[in-house]
Protein chains: 2
Amino acid sequence: MREVAIIGIGQTTVEEHWDRSLRDLAADAILAAFKDAGREKVDGIFIGNMMSGICSHQENLGALIAGWSGLQGTEAFKVEAACGSGAAAIHIGAMAVASGYMDSAIAMGVEKMTDTSMPETTAALATAADADFESDQGVTFVGLNALIMQRYLHEYKWKHADFASFSINAHENAMHNPNARLHDRISARDYREARMIADPINLLDASPTGDGAAALVLVPLDSLRGSNVPRIVIAGSTAATDSIAVHDRRDGLWLSAAYASAVKAYGQAGIQPRDLDLFELHDAFSIMAALSLEACGFAERGQGPRLGLDGDIRPKGRIPVATRGGLKARGHPVGATGVYQVLEIVQQLRGEAGENQIEGAKIGMAQNIGGSGSNIVTHVLRRS
Amino acid sequence: MREVAIIGIGQTTVEEHWDRSLRDLAADAILAAFKDAGREKVDGIFIGNMMSGICSHQENLGALIAGWSGLQGTEAFKVEAACGSGAAAIHIGAMAVASGYMDSAIAMGVEKMTDTSMPETTAALATAADADFESDQGVTFVGLNALIMQRYLHEYKWKHADFASFSINAHENAMHNPNARLHDRISARDYREARMIADPINLLDASPTGDGAAALVLVPLDSLRGSNVPRIVIAGSTAATDSIAVHDRRDGLWLSAAYASAVKAYGQAGIQPRDLDLFELHDAFSIMAALSLEACGFAERGQGPRLGLDGDIRPKGRIPVATRGGLKARGHPVGATGVYQVLEIVQQLRGEAGENQIEGAKIGMAQNIGGSGSNIVTHVLRRS
């Protein structure tokens, strides 16, 4: 299996793009990635997206986006794994290039969330949950996460305020990311006093919706021989599933798919958690940040919030997370998020993260979570 | 790149499955494929589906279907390419196994179309067209195909009745397929007198909707060494796109993506069109059957209907098509169709097609069309 490198990155800002449609955003990201890679075409395009059918009345994104990006003819497919769609597209793109079937590919994600009414978007997001046994009961996606957080607070005796550091760190880091959705510092008091959304999740526990697209250009590593292109290698690319319904899990406070995909990714890359210089985790809700850190081996069970309280997750900490704002502040354009995460690691490994730069970053991990932990894709990147 | 073989097939009947949900149908097909292959697990699952978000309020099909099939933990993703989703899932599954990342995979398709109202299903199908520039004008999917057929009749001076053979052959073949949606012979008169849907497409030009699921078990060919499992090899697996909107094409009567993917598939398999023993084409509408035959090299431009009139497409003809009923009579559960097509070729190459058996079939091709020819995936299978 040949190794795969990322030689180009492109992204749009994450915001309410009233003047850009789904196809515009996708093309913007692809053309930016091409410019970065010094290329104009690829053998295939893999598009992470979750909600285009409902939010834009548009499927067939492969043909749509290939054509709109000037790549008509190129094979192109949509890949869906709920909020994990972006990383799923990278995972599949990496396999396509590794197989030798393609000598280059675009792996990208795009989501247009703000052209619809908020109830419609909320209903679209709920399609990530079990339609027959969760959504039909009226529980929203934030509601499911609230149930998990409620239980976590009860089980491990934390207070809601103990989760503040995840959001404060994310907002702080996003200040230096021009593509981030939110640019405002928040304090512990802001966090404490934020409007309640679904008890105990308040506004500052939750990542914002937004429109956005991000794209990567993938090629075989050996095609870079002799060139001076930064060698950013996909050292691990793995996925695992858990039950789609939270109530079907033996233990609702353990992200078994995050654990399984992380362990496999560590194995592929030949590393331990301590070897990572940064971790772009899936902080869609602050509880998910804590659970991810536990599942990936950075904290004992029930001790995730400790890493926030001790400053371990900050840029100079033991395991920096959300280094460019994370889902919480860079924003969470659902099907694109996993690509933003990996793109931001590429920036870090290239030394192009500006004020957010993690000094000497050589190995980074991104973990993208679909559903309430039901479909999880993990990538380890290495500068070689 | 290692060669990939299909060692298991499973399918549900295509019909209105009022007692089976999306997940039930998918699990039925997977478990049947496992039984056929003598296996109980795989490394990954690729699920072709187009409309689950709208028709079942359900995305995150990977986690849903892995869990419901007893494969919780296994990585699993949805792949979407409109009506070409099924073959796209096979294409990606084949790359995953070819890459060495997986040593086995399920490639499958599932669609649940009849739990929604017909206007809802029609709107869902229209998401395969260009939402901003076609569907927004009120044109349905059958409407787009009607415009193409109208133009074809005008341009090449055929009469509507000249297309009858495609539907008659499909219905005749479906009589012997217990999984087919329709089991009724039709005559030229039935065809001529059928109810008009969108002029010139009448009811017997159009494939029926339906619920269904089909699954394949993929493994590396070299893993079969020493076993007496039938060696059905994926000799070609290719895709190409065209503009999503029909009006954006230089020539609306030429399926450029069908041509491109077929030529590439012939090249991969090292064959010519004349080497094929059968061709499972995408006869969603009779006009698409004619255009596919032309694009794939079986007829000159504008001469597709001739193959029907001359009997070339019948079981003992030069290039048998729709051998188990095709989309027209086996049925067209959109995202599953491409998998049914390939599954039926496996049956033929194994000599398990019963009354529909094409004698001595050794090489077959399936072509799955997404949108109005905008995303096309072609597979060549060979018994080796």
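Please refer to the structure placed before this passage.
Just so it is clear, the structure is predicted and the values come from calculations on it, not from any experiment.

Draft legend 1. Representation of the overall build of chain A. Summing up its helical and strand segments, chain A has 13 helices and eleven strands in all. Compactness check: chain A gives a C-alpha radius of gyration of 19 Å against a globular reference of 21 Å for 384 residues, within 12% of the reference. Seen through its C-alpha atoms, chain A measures out along the principal axes to roughly 55 × 45 × 40 Å. Burial analysis of chain A (384 residues in total) assigns 68% to the buried set. If you take every contact in chain A between residues at least 6 apart in sequence, the share linking residues at least 24 apart comes to 78%. Of the roughly 12600 Å² that chain A leaves accessible, carbon and sulfur atoms contribute 48%.

Draft legend 2. Region of the structure containing helix α13 (residues 334-350) of chain B. End to end, α13(B) covers 25 Å across 17 residues, agreeing with the expected 24 Å (1.5 Å per residue, within 8%). In the segment just after α13(B), Gly351(B) is the residue with positive phi, at about 80 degrees.

Draft legend 3. Geometry of the nonpolar core. Formed by 146 residues in total, the largest nonpolar core has its most connected members in Phe163(A), Leu293(A), Phe298(A), Phe163(B), Leu293(B) and Phe298(B). Once residues lying within four places of it in the same chain are set aside, the contact partners of Phe298(A) are Tyr266(A), Pro273(A), Leu276(A), Phe279(A), Leu293(A), Leu307(A), Arg318(A), Ile319(A) and Met365(A). Judged by nonpolar contacts, the second largest core, of 84 residues, contains Val97(A), Ala107(A), Ala88(B) and Val377(B).

Draft legend 4. Quick look at helix α5 (residues 118-125) of chain B. Residue and element names in this part refer to chain B. Taken as a whole, α5 has its buried residues at Thr 121, Ala 124 and Leu 125. The arc enclosing the buried residues of α5, seen along the axis, measures out at 100 degrees, which places them on a common side. Residues of α5 that are buried make contact with α2 (52-55), α6 (141-156) and α13.

Draft legend 5. Highlighting the environment of Gln303(B). Residue and element names in this part refer to chain B. Checked against the element boundaries, Gln 303 lands in the loop between α10 (286-295) and α11 (304-309). The class for Gln 303 is partly exposed, based on a relative accessible area of 33%. Separated by 145 residues in the primary sequence, Gln 303 and Trp 158 have C-alpha atoms spaced 9.2 Å apart. Gln 303 has contacts with Tyr 152, Trp 158 and Glu 294, leaving out every residue within four places of it along the chain.

Draft legend 6. Structural detail: unusual backbone geometry. Cis geometry marks the peptide bond from Asp199(A) to Pro200(A); its omega dihedral reads 10 degrees. In this fold, Pro200(A) is placed in the loop between β5 (196-198) and β6 (201-202). Of note in this structure, Lys157(A) is not a glycine but carries a positive phi near 60 degrees. Positive phi values are uncommon outside glycine, yet Asn60(B) reaches one of about 60 degrees. If you trace the backbone, Asn60(B) turns up in the loop between α2 and α3 (61-68). By relative accessible area, Asn60(B) is classed as buried at 0%.

Draft legend 7. Looking closely at the relation of the copies chain B and chain A. Take chain B, turn it by 180 degrees, move it 0.0 Å along the axis, and it overlays chain A with an RMSD of 0.0 Å. The superposition operator between the copies reduces to a two-fold rotation axis. No C-alpha of chain B approaches the rotation axis more nearly than that of Ser99(B), which lies at 1.8 Å. In this assembly, 100% of the residues forming the interface of chain B have copies in chain A that are likewise at the interface, indicating an isologous arrangement.

Draft legend 8. Representation of the pattern of salt bridges in the model. Within the structure shown, the criterion is met by 36 salt bridges over all chains. Salt-bridge contacts for Arg306(A) lead to Asp310(A); the nearest nitrogen and oxygen are separated by 3.9 Å. For Arg306(A), a relative accessible area of 37% gives the class partly exposed. As a salt-bridge pair, Arg350(A) and Glu352(A) come within 3.2 Å of each other at their nearest N and O atoms. Taking relative accessible area as the criterion, Arg350(A) reaches 17% and is therefore assigned buried. What makes Glu352(A) partly exposed here is its relative accessible area of 46%. A single salt-bridge network, built from bridges that share partners, covers Arg23(A), Asp130(B) and Asp132(B).

Cut-offs used in this document
Residues numbered from 1 in each chain as written. Chains lettered and ligands numbered in written order. Predicted model: local features only at pLDDT ≥ 70, side-chain atom pairs only at ≥ 80, totals over all residues. Heavy atoms only, no water. Helix = DSSP H or I, 4+ residues; strand = E, 2+ residues; numbered from the N terminus. Rg over C-alpha atoms; globule rule 2.2 N^0.38 Å. Buried < 20%, exposed > 50% of the residue type's maximum accessible area, 1.4 Å probe, protein only. Contact = heavy atoms within 4.5 Å. Areas by Shrake-Rupley, 256 points an atom, 1.4 Å probe, with all protein chains shown as cover. Expected span 1.5 Å × (residues − 1). Core = buried A, V, L, I, M, F, W, Y, C linked by side-chain atoms within 4.5 Å. Arc of directions from axis to C-beta. Least-squares fit on C-alpha atoms with pLDDT ≥ 70 in both. Salt bridge = Lys/Arg side-chain N within 4 Å of Asp/Glu carboxyl O.

Fair warning: the whole summary comes from geometry, so function is off the table for now.
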